[in-house]
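Descriptive analysis of the structure
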Amino acid sequence: MSFDFDLYVIGGGSGGVRAARIAASEYGAKVAIAEEYRMGGTCVIRGCVPKKLMVFASSYGAQIDDARAYGWNVSAGDFDWPVFRARLDAELDRLEGVYRSGLLKAGVTIHDDRAVVEDAHTVRLADGTRHSARHILIATGGHPSVPEAAAAAGVMTSNDIFKLDALPGSVLIVGGGFIACEFACVLNGMGVEVTQFYRGEQILRGFDGEARGHIAEHMREAGVNLHLGTDVMEMRAAAGGTWVMSTDGRERVFEKVIYATGRSPNTAGLGLEAAGVRLGRRGEVIVDGWSQTSVPSIYAVGDVTDRINLTPVAIREGHAFADTVFGAKPTQADHELVASAVFTQPEFGTVGLTEEAAREKGPIEVYATAFRPMQSAFAGRPDRVMMKLIVCADTRRVLGCHIVAPGAGEMIQLAAIAIKMGATKEDFDRTVAVHPVMAEELVTLRKPVRTA
Ligand code: NDP
């Protein structure tokens, strides 16, 4: 049977673009990709990249304050959002162009349109045209999910932040995950008065408990009005923004309300179930270790599968799919010991087991330290850095590493290599420190603070 394409990819985000490029350029497959919005997907257009640029933008105020303590005769002034926003838009246009030209250079056909699956080998575009393909890859990502009542009240999500014409004077952020905490810090750093409601006991559920507490304390010190065990009870439009009544009985009008209450896979209306593709309870595409769905010719990678929802994981999954299906190199993406960073201020880098999870598995030693780093201590700031290693008492292997510090994202990437290689605490100990840097503490932690 002959097909129009060897591979048809639906979704031009991190996972889809990687799979399309590798299949076409490395393995000579005839590939098409459909994207209904902008090439680059969540990461490039409304996620990691613009968020990180906002993190940089928001950190200069404190840096300029510190510079004064170091003898510079400077003052920060106000943050000019329209100036930043214009540069941000230009940068995202540039990056989208890079993605697009990379695909074209690889010989991939681009369809700037919404595509849905018609059957195991057919894709239909919104303009009515149909394309047949030996394999179809679903890489449609996810979208912010907001409780119905909040959506009805017209709250914003992370998608809308990058498109603001002006920064609000005050904002309420609902949620305690990656996105809520990162934007609470970013907007606070840009001079917005930030209130954050989280319904649970402590922000960043699922991460190491001690690190969560450390970050929450710093967010509060930096000026984020963080309310734990608190949710929105009622809200409605009011003069000057949105009137909100919280579960603890407080009332207030916020200029903007942002919900960061999780993300859901983009599978609605894609024709997947009709084509026989099994979906999970949250609408995620169910795949096996090869990213293959219940229909053998249809695969799925990235957030739409709701495995580990991180850009580098989607890229690995897309690459492994192309190697397996087009390169005769059967490869499964490795989901073990994936390091990640939360770009709160201070930053949080983490890999491996939390102390809480490691305790469940058997005897451990916990090595930890908290200290005032030289650079900000000199400037008179109260910031403290936290570093922690979780060690298996039997094998001596380092099972987890958690760092809350400026640059923790950079540090954890390197620590993750050693931990992925199976480094023991003694391997860390025999590594001579680099001095004077914060990360030297990782190799000078002598005595466990706890055993369990
Ligand atoms: P998360 O799932 O991390 O957090 C959602 C938060 O919203 C939780 O605190 C949750 O509370 C709360 N919540 C959920 N439903 C409700 C509700 N109905 N009412 C009130 N609160 C609610 O999602 P995010 O949106 O923050 O991030 C989505 C994903 O994006 C992450 O899992 C991550 O994989 C990825 N991401 C990664 C980043 C990075 O690598 N730096 C940055 C941003 C996103 P509870 O804990 O009680 O369930």
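Provided above is the structure to which this section pertains.
Each value, and the rule that gives it
Residues numbered from 1 in each chain as written. Predicted model: local features only at pLDDT ≥ 70, side-chain atom pairs only at ≥ 80, totals over all residues. Heavy atoms only, no water. Helix = DSSP H or I, 4+ residues; strand = E, 2+ residues; numbered from the N terminus. Rg over C-alpha atoms; globule rule 2.2 N^0.38 Å. Areas by Shrake-Rupley, 256 points an atom, 1.4 Å probe, with all protein chains shown as cover. Lys, Arg positive; Asp, Glu negative; His and termini not counted. Charge placed at Lys NZ, Arg CZ, Asp CG, Glu CD. Axes fitted to C-alpha atoms, helices over the stretch in contact; angles between N-to-C directions. Left-handed = near helix turned anticlockwise from the far one by under 90°. Contact = heavy atoms within 4.5 Å. Nonpolar A, V, L, I, M, F, W, Y, C, P; charged D, E, K, R; others polar. Expected span 1.5 Å × (residues − 1). Pairing = 2+ DSSP bridges. 1 Å grid on protein atoms, 1.4 Å probe; cavity = no way out; pocket = protein on both sides within 12 Å on 5 of 7 lines; lining within 4 Å. Points joined across faces, edges and corners; volume = space filled by probe spheres on them.

Some remarks on the overall build of the protein
When you go through the protein residue by residue, the secondary structure sums to 13 helices and 22 strands. Computed over the C-alpha atoms, the radius of gyration of the protein is 24 Å, within 12% of the 22 Å expected from 2.2 N^0.38 for a compact globule of 452 residues. Here the C-alpha coordinates of the protein stretch approximately 70 × 60 × 45 Å along the principal axes. Total accessible area computed for the protein in this model is approximately 20,800 Å², and 52% of it derives from carbon and sulfur atoms. Averaging the coordinates of the 47 positive side-chain charges in the protein and doing the same for the 55 negative ones gives two points 2 Å apart.

Observations regarding the packing of helix H3 (residues 48–69) against helix H4 (residues 81–105)
The contact between H3 and H4 brings their axes to 11 Å, and the two run at 145°. Along this stretch, H3 crosses H4, giving a crossing that reads as right-handed. In this structure, H3 contributes Val-49, Pro-50, Leu-53, Met-54 and Ala-57 to the contact, and H4 contributes Trp-81, Phe-84, Leu-88, Glu-91, Leu-92 and Leu-95. A breakdown of the residues in the contact of H3 with H4 according to their chemical character gives ten nonpolar, no polar and one charged.

Regarding helix H8 (residues 209–222)
Structurally, the α-helix is built with 3.6 residues per turn, so residues lying three or four positions apart point the same way. With 14 residues, H8 ought to run about 20 Å at 1.5 Å a step, and its terminal C-alpha atoms sit 20 Å apart, in line with that. In the segment just after H8, Gly-223 is the residue with positive phi, at about 120°.

Observations concerning the sheet that holds strand S20 (residues 385–392)
Hydrogen bonds along the backbone pair up the strands of a sheet, which may run parallel or antiparallel. Ordered in space as S17-S18-S21-S20-S19-S22, the six strands form an open sheet in which the pairing is antiparallel. Looking along the sheet, the strands with just one partner apiece sit at the ends: strand S17 (340–342) and strand S22 (450–451). Relative to S22, strand S19 (residues 364–371) runs antiparallel, the two sharing two bridges. Across the sheet, the residue bridging to Glu-365 is Thr-451, located in S22.

Focus: the layout of surface pockets
In this structure, the second largest pocket encloses a volume near 1,300 Å³. Secondary structure elements with two or more residues in the lining of the second largest pocket: H3, helix H7 (178–189), H8 and helix H11 (374–378). Of the residues that constitute the lining of the second largest pocket, the class distribution is 21 nonpolar, 14 polar and ten charged.

A short note on the environment of Tyr-99
Following the sequence through the fold, Tyr-99 ends up in helix H4. For Tyr-99 and Tyr-198, which are 99 residues apart along the polypeptide, the C-alpha to C-alpha distance reads 36 Å. Contact partners of Tyr-99, with chain neighbours within four places excluded, come to Val-17, Met-39, Gly-40 and Val-44.

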